[in-house]
Amino acid sequence: MERAIHLTPAGPPGERGVLSGPVIVWLLAAAKLVFSLLIAGHYGIFRDELYYLACSEHLDFGYVDQPPLIALVAWIARHLFGESLLGLRLLPALAGAATVWWTGKLAREMGGRAFAQGMAALAVFAAPIYLLLHH
């Protein structure tokens, strides 16, 4: 008994082409990354960033006032990119773009079509708390 294999694109029907949900979500994630990197050098280093850099010189599993991996992320950024503002803010910018992408992907997994995926990703892109945290 032979079985026929049908290759069909994943996702809801009618969602193919340039305006498909994944394409919209990828464009929004890329826009978030570009936006974060464009504003990364327009102001000086923030006091919390200075504190994270200081903590990265004395790595410990945890501090009372911050999550345990913050100092490790600062250590990695400092050793990969030096003391530059862009290097310090690159990893949070990538995390912000990934958050936008994951949100759109989650909307797709829940059955949302292109509009729902785009709106979910756009909501995370424009949410003030994420704009603050991802740079």
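Residues numbered from 1 in each chain as written. Predicted model: local features only at pLDDT ≥ 70, side-chain atom pairs only at ≥ 80, totals over all residues. Heavy atoms only, no water.

Colleague: Mind laying out the overall build of the protein, listing which residues take part and the relevant values?
Modeller: Summing up its helical and strand segments, the protein has 6 helices and 0 strands in all. Scanning the protein from its N terminus toward the C terminus, one meets helices and strands in the order α-α-α-α-α-α. The burial tally for the protein puts 28% of its 135 residues in the buried class. Nonlocal contacts in the protein, meaning residues at least 24 apart in sequence, comprise 64% of its contacts between residues at least 6 apart. (Helix = DSSP H or I, 4+ residues; strand = E, 2+ residues; numbered from the N terminus. Buried < 20%, exposed > 50% of the residue type's maximum accessible area, 1.4 Å probe, protein only. Contact = heavy atoms within 4.5 Å.)

Colleague: Give a description of a nonpolar patch on the surface that names residues and reports values.
Modeller: A cluster of nonpolar side chains, Leu 59, Leu 69, Leu 72, Val 73, Trp 75, Ile 76, Leu 80 and Phe 81, forms an exposed patch at the surface whose accessible area comes to about 690 Å². By the element assignment, Leu 72 lies in helix H3 (residues 70–81). By relative accessible area, Leu 72 is classed as partly exposed at 35%. (Patch = residues over 30% accessible without salt bridge, like charges linked within 9 Å, V, L, I, M, F, W, Y side chains within 5 Å. Areas by Shrake-Rupley, 256 points an atom, 1.4 Å probe, with all protein chains shown as cover. Salt bridge = Lys/Arg side-chain N within 4 Å of Asp/Glu carboxyl O.)

Colleague: So what's going on with the side chain of Ser 56? Residues and values would help.
Modeller: Mapping Ser 56 onto the fold places it in helix H2 (residues 47–56). The exposure class assigned to Ser 56 is buried, which follows from its relative accessible area of 2%. Within polar-contact distance, the side chain of Ser 56 engages the backbone oxygen of Leu 53 at 2.6 Å. Ignoring anything within four residues of it in the chain, the contact list for Ser 56 reads Ala 71, Ala 74, Trp 75 and Arg 78. (Polar contact = N/O pair within 3.5 Å; in protein donor to acceptor, adjacent residues only side chain to side chain.)

Colleague: Lay out the layout of surface pockets with the relevant residues and their values.
Modeller: As a volume, the largest pocket reaches approximately 590 Å³. If you trace the largest pocket, you find 18 residues lining it, with Tyr 52, Ile 70, Pro 92, Leu 133 and His 135 closest to the centre. No other element matches the 5 residues that helix H4 (residues 85–109) contributes to the lining of the largest pocket. For the lining of the largest pocket, the per-class residue count stands at 13 nonpolar, 2 polar and 3 charged. (1 Å grid on protein atoms, 1.4 Å probe; cavity = no way out; pocket = protein on both sides within 12 Å on 5 of 7 lines; lining within 4 Å. Points joined across faces, edges and corners; volume = space filled by probe spheres on them. Nonpolar A, V, L, I, M, F, W, Y, C, P; charged D, E, K, R; others polar.)

Colleague: Describe in detail H4, supporting the description with residues and values.
Modeller: Relative to the 36 Å expected for 25 residues at 1.5 Å per residue, H4 spans 36 Å between its end C-alpha atoms, a close match to the ideal helical length. Within H4, burial applies to Gly 87, Leu 88, Arg 89, Ala 93, Gly 96, Ala 97, Val 100, Gly 104, Ala 107 and Arg 108. Tucked inside the fold, the buried residues of H4 contact helix H1 (21–38), H2, H3 and helix H5 (114–126). The N-capping residue of H4, defined by a side-chain oxygen 3.0 Å from the backbone nitrogen of Gly 87, is Ser 84. Following H4 by one or two positions, Gly 111 adopts a phi angle in the positive range, close to 100 degrees. (Expected span 1.5 Å × (residues − 1).)

Colleague: Which residues make up the packing of aromatic side chains, and what values go with them?
Modeller: Taken as a whole, this structure holds 4 aromatic pairs when the rule is applied. Between Trp 26 and Trp 101, the aromatic rings sit 5.4 Å apart at their centres with planes inclined by 40 degrees, giving tilted as the arrangement. Note that Trp 26 is positioned in helix H1 and Trp 101 in helix H4, a separation of 75 residues in sequence. Relative accessible area serves as the criterion here: at 22%, Trp 101 is assigned to the partly exposed category. Considering the side-chain rings of Tyr 51 and Tyr 52, the 6.3 Å spacing of their centres and the 40 degrees angle between planes classify their relative orientation as tilted. Given the relative accessible area of 32%, Tyr 51 is considered partly exposed. The exposure class assigned to Tyr 52 is partly exposed, which follows from its relative accessible area of 25%. Above the ring of Phe 125, the side-chain terminus of Lys 32 is found at 5.7 Å from the ring centroid. (Phe/Tyr/Trp six-rings, centres within 6.5 Å; stacked < 30°, edge-to-face > 60°. Lys NZ or Arg CZ within 6 Å of the ring centre and 35° of its normal.)

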